[in-house]
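Residue strings, one per chain:
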Amino acid sequence: MGKHNKISMDFNKKPFTVIYEITRACDLVCLHCRAEANTNRNPLELKTTEVFNLIEMIKEFEKPYPIFIITGGDPIKREDIFDIVYYAWRNDIKVALTPSATPLITEEVIKKLKESGLNRIALSLDGSNEEIHDNFRGIKGTFNKTFEILNYADKYNLETQIHTTLTEFNYQDIPNIVELIKKINPKLWAIFLLIQVGRAKANNLKLINPYKLEELFNYLYDLSKEVNFDITTREGYHYRRVIIQRKAKELNINEYELLQKVIKEKLTPNDLIDNKKSLIRRAPFGVNDGKGMIFINHVGEVQPSGFINLSAGNIRKQSLKDIYQNSKLLNDIRDYSKIKGKCGVCEYREICGGSRSRSYALTGSYHNSDPYCIYKPKNYLN
(Lines give C-alpha, C1' and ligand atoms only; values in the text may rest on other atoms or scores of the structure.)
Protein backbone atom coordinates (compact mmCIF):
# COMPACT_ATOMS: atom_id res chain seq x y z
CA MET A 1 0.00 0.00 0.00
CA GLY A 2 1.28 3.44 -0.92
CA LYS A 3 1.71 6.39 1.39
CA HIS A 4 0.06 9.63 0.30
CA ASN A 5 0.11 12.89 2.25
CA LYS A 6 -0.57 11.25 5.59
CA ILE A 7 -2.28 13.46 8.14
CA SER A 8 -2.95 12.66 11.78
CA MET A 9 -5.99 14.63 12.86
CA ASP A 10 -8.51 14.52 15.68
CA PHE A 11 -11.81 15.40 14.02
CA ASN A 12 -13.34 16.22 17.42
CA LYS A 13 -10.89 19.11 17.66
CA LYS A 14 -10.34 20.23 14.09
CA PRO A 15 -12.10 20.00 10.72
CA PHE A 16 -10.31 18.93 7.56
CA THR A 17 -12.53 21.23 5.48
CA VAL A 18 -14.48 24.39 6.23
CA ILE A 19 -17.28 24.93 3.70
CA TYR A 20 -18.65 28.45 3.49
CA GLU A 21 -21.85 29.33 1.65
CA ILE A 22 -20.85 32.88 0.72
CA THR A 23 -24.25 33.70 -0.81
CA ARG A 24 -27.48 31.98 -1.78
CA ALA A 25 -27.83 34.13 -4.88
CA CYS A 26 -27.52 32.20 -8.15
CA ASP A 27 -28.82 32.61 -11.70
CA LEU A 28 -29.38 28.87 -12.23
CA VAL A 29 -32.46 26.93 -11.14
CA CYS A 30 -31.00 23.47 -10.51
CA LEU A 31 -33.51 20.68 -9.85
CA HIS A 32 -31.70 19.53 -6.70
CA CYS A 33 -30.60 22.85 -5.12
CA ARG A 34 -30.46 22.37 -1.34
CA ALA A 35 -30.39 26.17 -0.81
CA GLU A 36 -33.33 26.87 -3.14
CA ALA A 37 -31.24 29.74 -4.47
CA ASN A 38 -32.68 32.78 -6.21
CA THR A 39 -31.12 35.62 -8.20
CA ASN A 40 -30.98 38.19 -5.38
CA ARG A 41 -28.43 38.43 -2.58
CA ASN A 42 -29.57 38.47 1.04
CA PRO A 43 -28.67 41.78 2.76
CA LEU A 44 -27.87 39.80 5.91
CA GLU A 45 -24.97 37.92 4.27
CA LEU A 46 -21.63 38.17 6.04
CA LYS A 47 -19.90 41.40 5.04
CA THR A 48 -16.39 41.38 3.57
CA THR A 49 -14.76 42.18 6.92
CA GLU A 50 -16.77 39.41 8.58
CA VAL A 51 -15.51 36.90 6.01
CA PHE A 52 -11.96 38.10 6.71
CA ASN A 53 -12.69 37.44 10.37
CA LEU A 54 -13.89 33.92 9.48
CA ILE A 55 -10.55 33.32 7.75
CA GLU A 56 -8.75 34.45 10.92
CA MET A 57 -10.92 31.97 12.86
CA ILE A 58 -9.81 29.16 10.55
CA LYS A 59 -6.21 29.98 11.45
CA GLU A 60 -7.05 29.33 15.13
CA PHE A 61 -7.11 25.60 14.28
CA GLU A 62 -3.38 25.88 13.53
CA LYS A 63 -1.41 24.26 10.71
CA PRO A 64 -2.10 22.36 8.60
CA TYR A 65 -5.08 24.69 8.27
CA PRO A 66 -8.41 23.26 7.14
CA ILE A 67 -9.11 23.60 3.42
CA PHE A 68 -11.45 26.54 2.80
CA ILE A 69 -14.20 25.76 0.28
CA ILE A 70 -16.27 28.72 -0.88
CA THR A 71 -19.63 27.67 -2.26
CA GLY A 72 -23.09 29.12 -2.78
CA GLY A 73 -25.44 29.90 -4.52
CA ASP A 74 -22.88 31.31 -6.88
CA PRO A 75 -19.81 32.91 -5.26
CA ILE A 76 -19.26 35.03 -8.38
CA LYS A 77 -22.42 36.99 -7.45
CA ARG A 78 -20.21 38.64 -4.80
CA GLU A 79 -17.97 41.37 -6.17
CA ASP A 80 -15.62 41.00 -3.18
CA ILE A 81 -14.81 37.36 -4.05
CA PHE A 82 -11.32 38.23 -5.33
CA ASP A 83 -10.46 40.11 -2.11
CA ILE A 84 -11.70 37.18 -0.01
CA VAL A 85 -9.70 34.61 -1.99
CA TYR A 86 -6.63 36.82 -1.77
CA TYR A 87 -7.04 37.29 2.00
CA ALA A 88 -7.16 33.52 2.52
CA TRP A 89 -4.17 32.94 0.21
CA ARG A 90 -2.17 35.65 2.00
CA ASN A 91 -2.88 33.79 5.26
CA ASP A 92 -1.59 30.49 3.84
CA ILE A 93 -5.03 28.87 3.61
CA LYS A 94 -5.82 26.75 0.55
CA VAL A 95 -9.01 27.92 -1.17
CA ALA A 96 -11.35 26.08 -3.53
CA LEU A 97 -14.32 27.71 -5.24
CA THR A 98 -17.54 26.17 -6.58
CA PRO A 99 -19.07 28.74 -8.98
CA SER A 100 -22.08 28.31 -11.24
CA ALA A 101 -21.56 28.00 -14.98
CA THR A 102 -23.15 31.31 -15.97
CA PRO A 103 -22.10 34.27 -18.14
CA LEU A 104 -20.73 35.90 -14.96
CA ILE A 105 -17.62 33.74 -15.37
CA THR A 106 -15.43 35.19 -18.08
CA GLU A 107 -11.82 34.56 -18.98
CA GLU A 108 -10.91 37.71 -17.06
CA VAL A 109 -12.66 36.38 -13.93
CA ILE A 110 -10.71 33.10 -14.07
CA LYS A 111 -7.45 34.99 -14.64
CA LYS A 112 -8.18 37.27 -11.68
CA LEU A 113 -9.14 34.34 -9.42
CA LYS A 114 -5.86 32.62 -10.22
CA GLU A 115 -3.92 35.82 -9.57
CA SER A 116 -5.78 36.21 -6.26
CA GLY A 117 -4.42 32.85 -5.12
CA LEU A 118 -7.25 30.42 -5.82
CA ASN A 119 -6.01 26.82 -5.58
CA ARG A 120 -8.81 25.00 -7.32
CA ILE A 121 -12.11 25.57 -9.07
CA ALA A 122 -14.88 22.95 -8.86
CA LEU A 123 -17.45 22.70 -11.64
CA SER A 124 -20.54 20.56 -11.95
CA LEU A 125 -21.08 18.01 -14.70
CA ASP A 126 -24.35 16.14 -14.28
CA GLY A 127 -24.72 14.75 -17.78
CA SER A 128 -22.58 13.80 -20.77
CA ASN A 129 -24.48 16.05 -23.15
CA GLU A 130 -26.34 19.36 -23.25
CA GLU A 131 -29.80 17.85 -22.91
CA ILE A 132 -29.16 15.90 -19.70
CA HIS A 133 -26.94 18.47 -17.99
CA ASP A 134 -28.91 21.58 -18.93
CA ASN A 135 -32.22 19.99 -17.93
CA PHE A 136 -30.73 19.23 -14.53
CA ARG A 137 -29.35 22.75 -14.12
CA GLY A 138 -32.51 24.43 -15.35
CA ILE A 139 -30.85 26.81 -17.84
CA LYS A 140 -29.82 26.13 -21.43
CA GLY A 141 -26.16 26.69 -22.25
CA THR A 142 -24.67 25.61 -18.90
CA PHE A 143 -23.08 22.46 -20.38
CA ASN A 144 -21.16 24.43 -23.01
CA LYS A 145 -20.33 27.17 -20.50
CA THR A 146 -18.81 24.57 -18.18
CA PHE A 147 -16.33 23.52 -20.88
CA GLU A 148 -15.58 27.13 -21.69
CA ILE A 149 -14.65 27.71 -18.04
CA LEU A 150 -12.54 24.53 -18.01
CA ASN A 151 -10.61 25.84 -21.01
CA TYR A 152 -9.96 29.12 -19.20
CA ALA A 153 -8.80 27.22 -16.11
CA ASP A 154 -6.42 25.17 -18.25
CA LYS A 155 -5.08 28.32 -19.90
CA TYR A 156 -4.25 29.91 -16.53
CA ASN A 157 -3.03 26.68 -14.92
CA LEU A 158 -5.82 26.60 -12.34
CA GLU A 159 -6.54 23.19 -10.80
CA THR A 160 -9.98 21.76 -11.47
CA GLN A 161 -12.31 19.24 -9.91
CA ILE A 162 -15.62 17.94 -11.20
CA HIS A 163 -18.80 17.44 -9.17
CA THR A 164 -21.57 15.11 -10.29
CA THR A 165 -24.82 14.82 -8.35
CA LEU A 166 -26.08 11.27 -8.70
CA THR A 167 -29.82 10.65 -9.07
CA GLU A 168 -32.09 8.25 -10.93
CA PHE A 169 -32.13 11.02 -13.54
CA ASN A 170 -28.51 10.52 -14.66
CA TYR A 171 -27.42 7.12 -13.31
CA GLN A 172 -27.42 5.41 -16.72
CA ASP A 173 -25.28 8.23 -18.07
CA ILE A 174 -22.40 7.69 -15.61
CA PRO A 175 -20.14 5.71 -18.04
CA ASN A 176 -20.54 8.49 -20.61
CA ILE A 177 -19.80 11.15 -18.00
CA VAL A 178 -16.66 9.20 -17.06
CA GLU A 179 -15.42 9.31 -20.66
CA LEU A 180 -15.85 13.09 -20.65
CA ILE A 181 -14.06 13.45 -17.32
CA LYS A 182 -11.13 11.39 -18.59
CA LYS A 183 -10.65 14.05 -21.27
CA ILE A 184 -10.89 16.85 -18.71
CA ASN A 185 -8.50 15.01 -16.36
CA PRO A 186 -9.29 17.00 -13.20
CA LYS A 187 -7.53 16.56 -9.87
CA LEU A 188 -10.65 15.05 -8.33
CA TRP A 189 -14.05 13.73 -9.34
CA ALA A 190 -16.58 14.03 -6.51
CA ILE A 191 -19.84 12.11 -6.85
CA PHE A 192 -22.53 13.63 -4.63
CA LEU A 193 -25.17 11.09 -3.57
CA LEU A 194 -28.41 13.05 -3.60
CA ILE A 195 -29.90 14.21 -0.30
CA GLN A 196 -33.62 14.99 -0.55
CA VAL A 197 -33.75 18.52 0.82
CA GLY A 198 -34.63 21.86 -0.77
CA ARG A 199 -35.61 21.60 -4.42
CA ALA A 200 -34.63 17.93 -4.55
CA LYS A 201 -37.42 17.22 -2.09
CA ALA A 202 -39.87 19.59 -3.79
CA ASN A 203 -39.14 18.00 -7.19
CA ASN A 204 -39.29 14.49 -5.71
CA LEU A 205 -35.84 13.62 -7.05
CA LYS A 206 -34.62 10.19 -5.99
CA LEU A 207 -31.28 8.51 -5.46
CA ILE A 208 -30.70 5.14 -7.11
CA ASN A 209 -31.52 2.15 -4.90
CA PRO A 210 -28.91 0.82 -2.44
CA TYR A 211 -28.12 -2.27 -4.53
CA LYS A 212 -27.26 -0.15 -7.55
CA LEU A 213 -25.16 2.03 -5.26
CA GLU A 214 -23.13 -1.00 -4.25
CA GLU A 215 -22.56 -1.80 -7.94
CA LEU A 216 -21.53 1.81 -8.51
CA PHE A 217 -19.03 1.72 -5.63
CA ASN A 218 -17.35 -1.36 -7.06
CA TYR A 219 -17.27 0.29 -10.48
CA LEU A 220 -15.66 3.41 -8.95
CA TYR A 221 -13.04 1.31 -7.15
CA ASP A 222 -12.00 -0.34 -10.42
CA LEU A 223 -12.07 2.99 -12.24
CA SER A 224 -9.95 4.71 -9.61
CA LYS A 225 -7.05 2.35 -10.36
CA GLU A 226 -7.11 3.25 -14.06
CA VAL A 227 -7.48 7.02 -14.17
CA ASN A 228 -5.17 9.92 -13.38
CA PHE A 229 -7.62 11.69 -11.08
CA ASP A 230 -8.86 10.92 -7.58
CA ILE A 231 -12.44 9.79 -7.00
CA THR A 232 -14.51 10.44 -3.90
CA THR A 233 -18.15 10.06 -2.92
CA ARG A 234 -19.87 12.80 -0.91
CA GLU A 235 -22.66 11.66 1.39
CA GLY A 236 -21.75 8.17 0.25
CA TYR A 237 -19.46 7.27 3.11
CA HIS A 238 -20.10 3.54 2.77
CA TYR A 239 -17.88 3.58 -0.32
CA ARG A 240 -15.03 3.44 2.22
CA ARG A 241 -16.21 -0.01 3.29
CA VAL A 242 -16.13 -1.20 -0.32
CA ILE A 243 -12.57 0.13 -0.72
CA ILE A 244 -11.43 -1.85 2.33
CA GLN A 245 -13.31 -5.00 1.29
CA ARG A 246 -11.88 -4.90 -2.23
CA LYS A 247 -8.34 -4.18 -1.06
CA ALA A 248 -8.45 -6.97 1.54
CA LYS A 249 -9.57 -9.40 -1.15
CA GLU A 250 -6.69 -8.32 -3.41
CA LEU A 251 -4.20 -8.78 -0.56
CA ASN A 252 -5.87 -12.05 0.48
CA ILE A 253 -6.23 -10.85 4.07
CA ASN A 254 -9.18 -10.53 6.44
CA GLU A 255 -11.13 -7.32 5.79
CA TYR A 256 -11.48 -6.61 9.51
CA GLU A 257 -7.69 -6.84 9.99
CA LEU A 258 -7.27 -4.27 7.24
CA LEU A 259 -9.99 -2.14 8.81
CA GLN A 260 -8.11 -2.09 12.12
CA LYS A 261 -4.92 -1.10 10.31
CA VAL A 262 -6.77 1.75 8.57
CA ILE A 263 -8.13 3.00 11.91
CA LYS A 264 -4.84 2.64 13.80
CA GLU A 265 -2.64 4.23 11.14
CA LYS A 266 -5.25 6.83 10.05
CA LEU A 267 -4.90 5.82 6.43
CA THR A 268 -6.44 7.71 3.53
CA PRO A 269 -8.29 6.27 0.51
CA ASN A 270 -5.17 6.70 -1.60
CA ASP A 271 -3.15 4.55 0.79
CA LEU A 272 -5.37 1.64 -0.21
CA ILE A 273 -6.17 2.35 -3.83
CA ASP A 274 -2.53 2.97 -4.78
CA ASN A 275 -3.29 5.78 -7.18
CA LYS A 276 0.36 6.57 -7.80
CA LYS A 277 -0.46 9.65 -9.85
CA SER A 278 -2.38 11.30 -7.04
CA LEU A 279 -0.62 14.22 -5.43
CA ILE A 280 -3.54 15.87 -3.67
CA ARG A 281 -4.07 16.08 0.06
CA ARG A 282 -6.71 13.54 1.15
CA ALA A 283 -8.31 13.26 4.55
CA PRO A 284 -8.05 10.04 6.55
CA PHE A 285 -11.13 7.81 6.53
CA GLY A 286 -13.76 9.05 8.95
CA VAL A 287 -14.80 12.53 7.78
CA ASN A 288 -18.56 12.90 8.07
CA ASP A 289 -21.15 15.62 8.63
CA GLY A 290 -19.93 17.75 11.53
CA LYS A 291 -16.93 15.47 11.98
CA GLY A 292 -13.90 16.70 10.07
CA MET A 293 -16.18 18.86 7.96
CA ILE A 294 -18.15 21.94 8.93
CA PHE A 295 -20.55 24.20 7.03
CA ILE A 296 -21.15 27.92 7.55
CA ASN A 297 -24.20 29.38 5.84
CA HIS A 298 -24.54 32.80 4.23
CA VAL A 299 -25.59 34.53 7.47
CA GLY A 300 -22.92 32.89 9.66
CA GLU A 301 -24.85 29.95 11.13
CA VAL A 302 -22.60 26.92 11.67
CA GLN A 303 -24.17 23.61 10.62
CA PRO A 304 -22.96 19.96 10.54
CA SER A 305 -23.49 20.11 6.77
CA GLY A 306 -25.37 22.12 4.18
CA PHE A 307 -28.06 19.44 4.23
CA ILE A 308 -28.74 19.60 7.97
CA ASN A 309 -30.46 22.89 8.66
CA LEU A 310 -29.64 23.00 12.36
CA SER A 311 -27.43 25.67 13.91
CA ALA A 312 -24.57 24.91 16.29
CA GLY A 313 -23.90 28.63 16.75
CA ASN A 314 -23.12 31.75 14.75
CA ILE A 315 -19.65 33.07 13.97
CA ARG A 316 -20.94 36.60 14.49
CA LYS A 317 -21.22 35.71 18.20
CA GLN A 318 -18.65 32.93 18.78
CA SER A 319 -15.38 31.71 17.34
CA LEU A 320 -15.58 28.86 14.85
CA LYS A 321 -13.14 26.84 16.95
CA ASP A 322 -15.29 27.21 20.06
CA ILE A 323 -18.42 26.20 18.14
CA TYR A 324 -16.73 23.25 16.44
CA GLN A 325 -15.23 21.83 19.62
CA ASN A 326 -17.87 22.68 22.21
CA SER A 327 -21.27 22.88 20.51
CA LYS A 328 -23.80 20.47 21.99
CA LEU A 329 -25.18 19.74 18.50
CA LEU A 330 -21.80 18.92 16.96
CA ASN A 331 -20.64 16.80 19.89
CA ASP A 332 -23.97 14.97 19.73
CA ILE A 333 -23.73 14.21 16.01
CA ARG A 334 -20.11 13.07 16.45
CA ASP A 335 -21.04 10.69 19.26
CA TYR A 336 -21.38 7.50 17.25
CA SER A 337 -22.36 5.53 20.35
CA LYS A 338 -25.78 7.17 19.87
CA ILE A 339 -26.28 5.90 16.32
CA LYS A 340 -29.19 3.46 16.18
CA GLY A 341 -29.89 0.41 14.05
CA LYS A 342 -27.31 -1.38 11.97
CA CYS A 343 -25.06 1.69 11.52
CA GLY A 344 -24.75 1.76 15.32
CA VAL A 345 -23.32 -1.76 15.55
CA CYS A 346 -21.42 -1.76 12.25
CA GLU A 347 -17.75 -2.76 12.24
CA TYR A 348 -17.14 0.13 9.83
CA ARG A 349 -18.86 2.71 12.01
CA GLU A 350 -15.69 4.60 12.92
CA ILE A 351 -14.50 5.13 9.34
CA CYS A 352 -17.98 5.45 7.79
CA GLY A 353 -20.82 6.24 10.14
CA GLY A 354 -23.33 6.43 7.30
CA SER A 355 -24.59 9.75 5.98
CA ARG A 356 -25.90 11.68 8.96
CA SER A 357 -27.45 14.12 6.47
CA ARG A 358 -29.39 11.39 4.67
CA SER A 359 -30.56 9.92 7.97
CA TYR A 360 -31.79 13.34 9.06
CA ALA A 361 -33.49 14.10 5.72
CA LEU A 362 -35.27 10.75 5.41
CA THR A 363 -35.96 9.77 9.01
CA GLY A 364 -35.94 13.06 10.94
CA SER A 365 -33.01 12.00 13.16
CA TYR A 366 -29.29 12.16 12.47
CA HIS A 367 -28.84 9.27 14.92
CA ASN A 368 -30.67 6.78 12.71
CA SER A 369 -29.01 4.44 10.22
CA ASP A 370 -28.33 5.52 6.66
CA PRO A 371 -31.20 3.89 4.71
CA TYR A 372 -29.07 3.56 1.57
CA CYS A 373 -26.57 0.91 2.69
CA ILE A 374 -27.13 -2.81 2.09
CA TYR A 375 -24.32 -4.05 4.35
CA LYS A 376 -25.36 -6.32 7.24
CA PRO A 377 -22.98 -5.95 10.20
CA LYS A 378 -21.87 -9.11 12.01
CA ASN A 379 -23.54 -7.99 15.24
CA TYR A 380 -26.79 -6.84 13.70
CA LEU A 381 -29.79 -9.05 14.40
CA ASN A 382 -32.84 -8.27 12.35
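Now for a quick tour of the structure. (Residues numbered from 1 in each chain as written. Predicted model: local features only at pLDDT ≥ 70, side-chain atom pairs only at ≥ 80, totals over all residues. Heavy atoms only, no water.)

The biggest cluster of nonpolar side chains holds 109 residues, and the ones touching the most others in it are Phe68, Leu113, Trp189 and Leu320. Beyond its immediate sequence surroundings of up to four residues, Leu320 is in contact with Val18, Leu54, Met57, Ile58, Phe61, Ile296, Val302 and Ile315. (Core = buried A, V, L, I, M, F, W, Y, C linked by side-chain atoms within 4.5 Å. Buried < 20%, exposed > 50% of the residue type's maximum accessible area, 1.4 Å probe, protein only. Contact = heavy atoms within 4.5 Å.)

What follows concerns the packing of helix α1 (residues 48-59) against helix α2 (residues 81-90). The N-to-C vectors of α1 and α2 enclose an angle of 20 degrees; their axes lie 10 Å apart at closest approach. Comparing their axes, α2 and α1 come out roughly parallel. You can see that α1 and α2 cross each other, and the crossing is right-handed. Across from Thr48, Val51, Phe52, Ile55 and Glu56 in α1, the residues of α2 making contact are Asp83, Ile84, Tyr87 and Ala88. When grouped by side-chain class, the residues that make up the contact of α1 with α2 number 6 nonpolar, 1 polar and 2 charged. (Axes fitted to C-alpha atoms, helices over the stretch in contact; angles between N-to-C directions. Helix = DSSP H or I, 4+ residues; strand = E, 2+ residues; numbered from the N terminus. Parallel < 35°, antiparallel > 145°, perpendicular 65-115°, else oblique. Left-handed = near helix turned anticlockwise from the far one by under 90°. Nonpolar A, V, L, I, M, F, W, Y, C, P; charged D, E, K, R; others polar.)

Position of Arg34 among the secondary structure elements: in the loop between β1 (17-21) and α1. The spatial distance from the C-alpha of Arg34 to the C-alpha of Ile81 is 22 Å, given a sequence separation of 47 residues. When sequence neighbours within four positions are dropped, the list of residues in contact with Arg34 reads Glu21, Arg24, Gly72, Val197, Gly198, Phe295, Gly306 and Phe307. Side chain to side chain, Arg34 and Glu21 meet in a polar contact 2.9 Å long. In this structure the side chain of Arg34 is engaged in a polar contact, spanning 3.1 Å, whose partner is the backbone oxygen of Gly72. (Polar contact = N/O pair within 3.5 Å; in protein donor to acceptor, adjacent residues only side chain to side chain.)

The next subject is the pattern of salt bridges. Tallied over the full model, the rule gives 23 salt bridges. With a closest N to O distance of 3.0 Å, Arg24 and Glu21 form a salt bridge. Overall, Arg24 belongs to the partly exposed group, its relative accessible area being 27%. On the accessibility criterion, Glu21 (0% relative accessible area) is buried. (Salt bridge = Lys/Arg side-chain N within 4 Å of Asp/Glu carboxyl O.)

Let us now look at the state of the cysteines. Think of a disulfide as a covalent bridge from one cysteine sulfur atom to another cysteine sulfur atom. Tallied over the entire structure, the rule returns 0 disulfides. Of the cysteine sulfurs around Cys30, a residue in no disulfide, the closest is that of Cys26, at 6.0 Å. We note that Cys343 lacks a disulfide partner, and the nearest cysteine sulfur, in Cys373, lies 6.3 Å from it. (Disulfide = S-S within 2.5 Å.)

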